[in-house]
Amino acid sequence: MDTRVNGAPASDPDDPELNAAEHLRDRLGLTGTKIACGSGVCGACTILVDGTPTASCLLPATHLTQRSTTTVEGLGGTHPVQRAFAAHDALQCGYCTPGFVVEASVFVDTWRTAHGDVAPDRDTIADALAGHLCRCGAYEGIFSAVASACLGEFDDDPLRAPPRSDAPDKVTGRARFTDDQALPGTWTGVIVRSTEPHARVVRVHPATTPDGEEAPLVDLLGEDRTVRYVGQAIAAVAAPDRAEARRLAAAVRVELDPLPAVTTAEAARRPDAPLVYETKAQRAAAPGYGEAPSLRTSWNGNVRGPAVVGWRTATAVSRLRAARRRDDPLLVAEEYTTVAQVHTPLEPHASVAFWEDGHLHLYLSTQSVSMLTDKVAERWGLPRERVHVVAEYVGGAFGAKNSVSPDAVAAVELSRLVGAPVRVSLERSEELVDAGYRPGNRTRVALLAGDDGELRALAVDSEGDGGVSVGSNVATLAALMYGRSPRRVRDFDLVTHRPPGQPMRGPGGPPMAWALEQAVDTMALRLGEDPLSLRRRWDGNPKRRALYERVAELPLWRDRPRGARTGRFRLGVGLAAAGWPYLVGPLARVELTVRNGGLVVRSGTQDIGTGIRTVLGDAVADRLGIRAEDLSVEIGHGSAVHGTGSTGSRTTTSMGPAAVDAADRLRAALRERSPDVPESGPVPEQVFKEALSGAEGLRVVGERGRDRWGRLTPDTAGDLAAGRGLGGAVHVMEVEVDTLLGRVRPTRCWAGIAAGRIYNERTARNQCEGAVVQGVGYALFEERRDDVATGVVLSDDLEEYRLPGMGDVPETEVYFHQKGFEHVPGGGIGLGEVSAVGVAAALGNAVFDATGHRHHDLPLRPDRLIGGAR
Amino acid sequence: MTVTRPTSVAEVTADLAREGVRARAGGTDLSACLETGVIAPGPLVDLLDVPGLDGVTWNADGSARVGAMTTVATVAADPRLATAYPALAATARALATPQVRGVATVGGNLLQRNRCAYLRNPAFDCFQTGGDTCPARTGDHLRGVVVDQGPCAAPHPSSLAMAFLVYEATAHLERASATALPVADLYDGTDPTRDHVLDARSLMTAVELPVPVAGERAAYRRATGRSRAEWPLVEAVVRVECADGGRGPVERAAVAVGGVARTPLRLEALAETLVGAEPGRDLPVRVTEALSDLADLCSPLPATGYKVPLLQGTVRDVVETVLGITGR
């Protein structure tokens with residue numbers, strides 16, 4: 001038998017050092033196959049070998065010899081599963097999608113042959129796709145897509161107008177992410193990292209190339225020549241191919257002068273502990289993981305803080321102290337902990353750089369194209385117009401891709417040094433160690449209720465465990481919940497010689513809700529009151545109050561089991577409330593150009609899986625009454641007008657109104673030329689076409705208008721301002737606890753989200769469903785684990801760092817309360833973060849309801865659950 | 001790195017006789033071990049093209065011989081194997097993921113390296129990589145052994161080995177010292193330097209199973225955090241032969257567990273208490289006592305105490321399942 005790839009004869013793979021995925025991508029240019037985990041866990045690299053789904057990252061390339069290989073490109077975009085994935089919006093960023101559709105295509109075909117056109121149940125689909133992970137959490141759409149493909153619903157329906165405009169590119173493997181950029185002659189860069197938790201770097205000795213020359217090497221360390229965690233970037237090397245680059249990186253000799261280190265929170269707290277930062281300047285330069293600048297505060301050894309917020313703080317403290325002295329039964333004072341949750345987007349941090357005629361071209365996996373263009377220009381001292389940052393497709397980010405990270409610095413510097421394009425893509429082990437995580441927290445909550453059941457005082461002390469970084473805001477966020485009773489909240493940071501945290505989706509929110517919402521449920525129990533009824537009394541937020549009304553009528557809540565549960569499997573239902581500030585990017589701009597008789601929507605924003613590409617096209621099309629297919633959207637280029645960064649839940653609420661404004665400006669400009677264009681309402685197709693043909697080259701730029709009543713804060717340099725009103729969410733979670741084997745199975749979830757008007761129902765719902773998946777991961781599985789003695793991160797692959805799979809997530813219903821933001825242009829705010837805050841907290845309350853055991857520490861692992869049933 | 005692709009067992013053994021040469025089957029674990037530095041790069045012998053190593057053959061007496069290059073997916077899907085050796089098929093279906101089962105082989109599964117995070121992290125040395133300590137013992141060993149047999153604290157990773165134990169299967173080898181070895185003897189829990197006893201010159205060609213028993217019932221369970229695609233914290237498999245074509249009392253039973261010790265373990269005493277137990281009825285007291293007594297087998301490390309109740313629970317689950325006892 002011949003070697004065939006996608007039906008055509010192919011030459012035999014001859015490089016024994018390549019795996020099949022590398023061979024397909026690098027030698028054959030079939031970049032639809034993704035390498036995401038490199039250890040056969042995530043499924044993004046799945047291909048068919050003689051029809052059998054195979055993890056190609058673990059398959060030697062030479063094992064493709066005399067076999068027939070099919071990649072996602074070989075499915076041709078016409079397999080019913082591909083159409084179904086697009087139609088059901090079974091994807092977000094799209095990085096895992098090729099692997100999913102390749103595996104699902106075999107499952108669907110096999111299932112239909114055996115069973116006919118009937119839908120398999122969720123368990124069967126979860127079994128079939130057990131080897132695939134979607135970090136965005138698009139599992140609800142995937143279940144629907146696979147079931148409907150099995151029903152034969154997509155046998156001849158062409159791919160047209162899916163809810164997400166770029167879905168066809170993602171289900172076919174055509175979407176090119178940063179690591180897929182294959183410029184001829186691209187070298188590979190590899191980062192050399194610290195093996196010590198704390199050391200002075202004396203000297204870095206370059207490696208020697210096979211030709212006996214000094215290998216190219218760039219410095220990544222900066223001025224103070226000190227490494228403060230294992231895995232910190234020191235330098236980078238490059239070579240024409242990856243294997244050689246890795247050999248060179250291993251051959252670089254770093255002369256280190258080890259210094260005393262603290263690798264645990266306990267050690268860092270000791271009075272005689274070595275200091276992570278010794279000088280004021282070092283402390284001021286500590287990296288931060290808050291989304292907004294954190295409050296100024298003092299340091300005591302390795303402890304920073306407290307940053308204190310509150311009102312009537314003295315009253316709050318004296319009431320709580322008195323209550324403790326008299327052993328008041330309505331005082332709930334408990335400690336709760338969380339651990340590091342790693343962003344680990346399936347597309348790792350990746351950069352491809354090249355210099356040409358004084359211009360810097362940088363393909364970058366980033367969530368802030370416009371801002372990064374500014375920062376790159378500043379860092380390398382270039383005029384902005386000579387910097388070309390491109391991120392057309394970004395495989396997830398969740399807060400971790402918002403800076404000029406070491407991969408970008410390495411690629412840019414190495415490219416200048418070697419005079420060729422250089423690609424630096426992090427391995428999964430690097431991504432899991434030094435690319436960001438949500439820090440762990442230790443949070444003490446005290447709640448005091450009066451005899452009337454009203455909240456009389458609230459105090460929260462929280463300590464963030466973010467390695468060398470600072471900026472915990474867990475306690476501060478708690479001050480925004482449950483009315484205006486006296487309260488004092490204090491945030492501390494504890495620094496250690498471990499990797500830095502970064503802002504992660506709703507920074508501080510999930511650990512805050514985990515602590516506060518367990519405490520509120522504990523209070524409900526003390527008061528003998530239904531947890532919903534207590535929240536309806538305590539919580540004055542009008543949007544959440546609207547959601548509580550829905551919850552009261554929800555069968556999932558109303559008909560939940562009551563009384564003590566017995567037996568091995570126990571069902572429980574819990575809820576949690578959440579809030580999030582409304583942030584906006586005042587600088588948002590959208591440009592409309594008439595090009596080749598068509599309309600092009602451009603902006604320097606980027607789609608990390610949220611669906612903003614679709615929202616922009618739809619907003620313009622709706623405003624003009626034309627079809628979204630009749631215009632094209634070009635985002636992800638830093639040379640375009642300023643686009644909002646995908647952080648702070650502000651992209652849609654900033655970019656959407658700017659797109660509408662651009663449409664209005666276009667209409668006015670067209671009317672000057674073509675009076676047939678109506679002043680308002682839909683533009684008839686023929687009129688629009690003719691108007692465009694007479695306006696070639698026309699360019700208008702729309703802006704984000706101001707909110708009625710203005711904003712709460714002035715605009716900051718980071719294109720960030722706070723608007724009036726808070727987003728709200730209420731999650732209701734049902735779980736089944738297997739008390740014999742210590743496993744929690746989330747079965748159903750209701751996610752009520754109050755973020756004003758929803759721009760695109762399906763992509764918004766997808767994001768909220770994904771927030772549930774990530775929250776389940778946070779509650780049950782996700783945990784960075786370190787070696788205490790050395791500070792080495794042990795959970796450096798996706799086997800040891802556990803993400804939820806298809807079989808681990810509840811059937812989720814999303815409800816949108818769309819009122820309350822009429823003062824905002826477009827009527828809606830962001831929801832990426834508010835939808836993520838309360839999930840784990842609701843799950844914890846559900847486990848308590850099921851078992852009668854109140855857990856204080858996340859994640860709820862089997863070893864913690866197995867003893868915990870009444 | 002050189003790779004040869006011989007087409008006969010004789011050529012393979014000749015290649016393996018050279019210093020530093022390793023055999024490669026499906027390559028799933030070997031690729032991961034090369035990537036993380038568990039194994040140093042060196043010459044490889046691919047077994048893909050060697051005839052006779054792949055597939056299930058049935059002997060005249062009705063017993064099966066599973067070629068070492070047979071994929072786990074084949075074992076999981078073969079209907080005749082499922083009828084003859086249900087404990088083996090159930091175990092194969094539950095391990096790894098579809099796209100790993102499709103290429104991972106029976107031989108590779110039996111001879112794979114353990115999953116200890118310290119072993120697979122280049123920052124650490126341990127007994128398995130030429131060092132003289134076990135960093136997991138003093139460090140993170142949440143997934144470590146609860147039956148402590150020796151210096152290494154990593155449980156054996158092979159689920160199939162556990163299933164083969166309940167059948168007392170035999171591994172066929174091509175090597176100087178022996179040509180067959182009980183699967184149980186492939187492992188030595190007291191040796192911290194390696195995960196099986198075969199030297200690099202040995203080639204496993206097949207696993208031979210005994211004559212199947214008509215009406216055998218079996219159950220398999222793995223305890224994990226997630227529902228699927230996760231290495232077990234504890235796993236258990238049970239097979240029973242019942243009187244009256246499967247409806248009567250248990251006549252013979254075998255139980256094995258994994259995830260708890262350096263080797264898969266057979267639970268002989270517990271299996272004996274199952275004899276006489278009747279399907280669909282409450283568990284006899286002697287069985288529940290034997291389940292409690294599993295604690296006596298255990299010698300937990302500081303962080304693996306939870307595996308005692310988890311072991312008891314997992315074994316209880318498979319016993320109840322195989323006897324058709326539901327609800328408690």
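Residues numbered from 1 in each chain as written. Chains lettered and ligands numbered in written order. Predicted model: local features only at pLDDT ≥ 70, side-chain atom pairs only at ≥ 80, totals over all residues.

Thoughts on the overall build of chain A
Then, number 1: The secondary structure content of chain A amounts to 25 helices and 31 strands.
Then, number 2: For a compact globule of 870 residues, the expected C-alpha radius of gyration is about 29 Å, and chain A comes in at 27 Å, within 12% of that figure.
Then, number 3: Structurally, chain A occupies a C-alpha span of about 80 × 75 × 60 Å along its principal axes.
Then, number 4: Counting all 870 residues of chain A, 63% fall into the buried class.
Then, number 5: Sequence-distant contacts in chain A: of pairs separated by 6 or more residues, those separated by 24 or more amount to 79%. (Helix = DSSP H or I, 4+ residues; strand = E, 2+ residues; numbered from the N terminus. Rg over C-alpha atoms; globule rule 2.2 N^0.38 Å. Buried ≥ 20, exposed ≤ 12 C-beta atoms within 10 Å, placed from the backbone. Contact = placed C-beta atoms within 7 Å.)

What about the overall build of chain B?
Then, number 1: The secondary structure content of chain B amounts to 12 helices and 12 strands.
Then, number 2: Here the C-alpha atoms of chain B give a radius of gyration of 20 Å, agreeing with the 20 Å that 2.2 N^0.38 yields for 328 residues.
Then, number 3: Each principal axis of the C-alpha atoms in chain B carries an extent, and together these give about 60 × 50 × 35 Å.
Then, number 4: Counting across all 328 residues of chain B, residues that qualify as buried make up 54%.
Then, number 5: Of the contacts made within chain B by residues no fewer than 6 positions apart, 65% connect residues no fewer than 24 positions apart.

Let's talk about unusual backbone geometry
Residue and element names in this part refer to chain A.
Then, number 1: Cis geometry is adopted by the peptide bond preceding Pro306, which originates at Gly305 and carries an omega value of 5°.
Then, number 2: Its place among the elements puts Pro306 in strand β13 (residues 303-311).
Then, number 3: The omega torsion across Leu858 and Pro859 is -5°, close enough to zero to call that bond cis.
Then, number 4: Locating Pro859 in the fold gives a position in the loop between α24 (839-851) and α25 (862-865).
Then, number 5: A positive phi is found at Asn6, a non-glycine position, where the angle reads about 50°.
Then, number 6: Residue placement: Asn6 occurs in the loop between β1 (4-5) and β2 (8-9).
Then, number 7: A positive phi angle, close to 50°, is found at Asp50, a residue other than glycine.
Then, number 8: Tracing the backbone shows Asp50 in the loop between β3 (46-49) and β4 (52-55).
Then, number 9: By the C-beta count within 10 Å, which is 14 here, Asp50 ends up partly exposed.

Observations regarding the sheet that holds strand β3 (residues 44-46) of chain B
Residues and elements named next belong to chain B.
Then, number 1: If you walk across this open sheet you meet the three strands as β1-β3-β2, and the pairing is parallel. The two strands at the open ends of the sheet, each matched to only one other strand, are β1 (3-4) and β2 (22-24).
Then, number 2: Contacts from helix α1 (residues 9-16) reach β1, β2 and β3 within the one sheet, and its direction differs from that of β3 by about 170°. (Pairing = 2+ DSSP bridges. Axes fitted to C-alpha atoms, helices over the stretch in contact; angles between N-to-C directions.)

Re the sheet that holds strand β10 (residues 233-239) of chain A
Residues and elements named next belong to chain A.
Then, number 1: Strand order in the open sheet formed by seven strands is β8-β10-β6-β19-β16-β17-β18, and the pairing between neighbours is mixed. The strands lining the two open edges of the sheet, one partner per strand, are β8 (217-219) and β18 (387-390). Taken over all neighbouring pairs, the strand axes of this sheet differ in orientation by 25° on average, direction set aside.
Then, number 2: Against the sheet, helix α11 (residues 369-379) engages β17 (359-364) and β18, with an angle of about 145° to β18.
Then, number 3: Across the face of the sheet, helix α12 (residues 406-418) comes into contact with β6 (187-193), β8, β10, β16 (350-356), β17 and β19 (422-425) while running at roughly 30° to β16.

Thoughts on the packing of helix α22 (residues 761-780) of chain A against α24 of chain A
All names here are of chain A.
Then, number 1: One way to put it is that α22 packs onto α24 with a least axis distance of 8 Å and a crossing angle of 55°. As far as their axial angle goes, α24 and α22 are oblique. As for how α22 packs across α24, the hand of that crossing is right-handed. Here α22 contributes Ala771, Val772, Gly775, Val776, Tyr778 and Ala779 to the contact with α24, which in turn contributes Val839, Ala840, Leu843 and Gly844.
Then, number 2: Counted by class, the contact of α22 with α24 contains eight nonpolar, two polar and no charged residues. (Parallel < 35°, antiparallel > 145°, perpendicular 65-115°, else oblique. Left-handed = near helix turned anticlockwise from the far one by under 90°. Nonpolar A, V, L, I, M, F, W, Y, C, P; charged D, E, K, R; others polar.)

Focus: the nonpolar core
Then, number 1: Counting residues in each nonpolar core, the largest one holds 382 residues, and the members touching the most others are Val237, Leu447, Ala659 and Val732 of chain A together with Val237, Val238 and Val255 of chain B.
Then, number 2: Once residues lying within four places of it in the same chain are set aside, the contact partners of Val237 of chain A are Gly189, Val190, Val192, Ala207, Ala215, Pro216, Leu217, Ala245, Leu248, Ala249 and Val252 of chain A. (Core = buried A, V, L, I, M, F, W, Y, C linked by C-beta atoms within 7 Å.)

Comments concerning the interface of chain B and chain A
Then, number 1: Chain B puts 39 residues into the contact, and the matching count from chain A is 51 residues.
Then, number 2: Elements represented by at least two residues in the side of chain B that touches chain A include exactly α2 (28-36), α6 (98-101), α8 (135-138) and α12 (307-322) of chain B.
Then, number 3: Residue contributions to the side of chain B that touches chain A peak at six residues, all from α12 of chain B.
Then, number 4: The residue makeup of the side of chain B that touches chain A, split by class, is 17 nonpolar, 15 polar and seven charged.

Notes on the pairing of strand β22 (residues 455-465) of chain A
Residue and element names in this part refer to chain A.
Then, number 1: β22 sits mainly inside the fold: 11 of its 11 residues count as buried.
Then, number 2: Pairing of β22 with strand β23 (residues 487-494) involves eight bridges; the strand directions are parallel. When the bridges of β23 are listed, Ser462 appears paired with Asp491.

Overview of helix α17 (residues 542-553) of chain A
Residues and elements named next belong to chain A.
Then, number 1: In this model α17 runs 17 Å from its N-terminal to its C-terminal C-alpha over 12 residues, within 8% of the 16 Å that 1.5 Å per residue would give.
Then, number 2: Within α17 the residues assigned to the buried category are Lys543, Arg544, Leu547, Tyr548 and Val551. For α17, the angular spread of buried residues about the axis comes to 140°, placing them on one side.
Then, number 3: As for α17, its buried residues are in contact with α16 (531-538), α18 (555-558), β24 (569-584), β29 (721-738), β30 (743-754) and β31 (811-817). (Expected span 1.5 Å × (residues − 1). Arc of directions from axis to C-beta.)

Overview of the packing of helix α5 (residues 86-94) of chain B against helix α9 (residues 159-166) of chain B
The description of two packed helices rests on the angle between their axes and on the distance between the axes.
All names here are of chain B.
Then, number 1: Taken N-terminus to C-terminus, the directions of α5 and α9 make an angle of 170°; their axes are 9 Å apart at the nearest point. Classified by the angle their axes make, α5 and α9 are roughly antiparallel. Together, Ala87, Leu88, Thr91 and Ala92 of α5 and Ser159, Leu160, Met162, Ala163 and Val166 of α9 make up the contact between the two elements.
Then, number 2: Classifying every residue of the contact of α5 with α9 by side-chain character gives seven nonpolar, two polar and no charged.

Some words on the environment of Leu24 of chain A
All names here are of chain A.
Then, number 1: Relative to the assigned elements, Leu24 resides in helix α1 (residues 20-27).
Then, number 2: For Leu24, a count of 28 C-beta atoms within 10 Å translates into the label buried.
Then, number 3: Sequence separation between Leu24 and Gly94 is 70 residues; the distance between their C-alpha atoms is 19 Å.
Then, number 4: Once residues within four sequence positions are removed from consideration, Leu24 is found in contact with Leu30, Thr33, Ile47, Ser56 and Thr71.

What to know about α24 of chain A
Then, number 1: The first and last C-alpha atoms of α24 of chain A sit 19 Å apart over 13 residues, in line with the 18 Å expected at 1.5 Å per residue.
Then, number 2: The buried fraction of α24 of chain A is high, at 13 of 13 residues.

Observations regarding the pairing of strand β26 (residues 598-603) of chain A
Residue and element names in this part refer to chain A.
Then, number 1: As judged from the five bridges shared by strand β25 (residues 589-595) and β26, these two strands associate in the antiparallel manner. Of the residues in β26, the one forming a bridge with Thr593 is Val600.
Then, number 2: In this antiparallel pair of consecutive strands, β25 and β26, the connection spans two residues, and Asn596 shows a positive phi of 50°.
Then, number 3: In this sheet, strand β27 (residues 631-635) lies alongside β26 in parallel orientation, the contact comprising five bridges.

A closer look at the environment of Asp618 of chain A
Residues and elements named next belong to chain A.
Then, number 1: Residue placement: Asp618 occurs in helix α19 (residues 612-624).
Then, number 2: On the basis of neighbour counts, which here come to 21 C-beta atoms within 10 Å, the residue Asp618 falls in the buried class.
Then, number 3: Separated by 15 residues in sequence, Asp618 and Val633 place their C-alpha atoms 9.9 Å apart.
Then, number 4: Among all residues touching Asp618, those that are not within four sequence positions of it are Ala628 and Asn760.

With respect to the confidence of the model for chain B
Then, number 1: Overall, the predicted model of chain B reaches an average pLDDT of 95, with 99% of residues at or above 70.
Then, number 2: Scoring of the predicted complex yields 0.98 for pTM and 0.97 for ipTM. (pLDDT = per-residue confidence, 0-100.)

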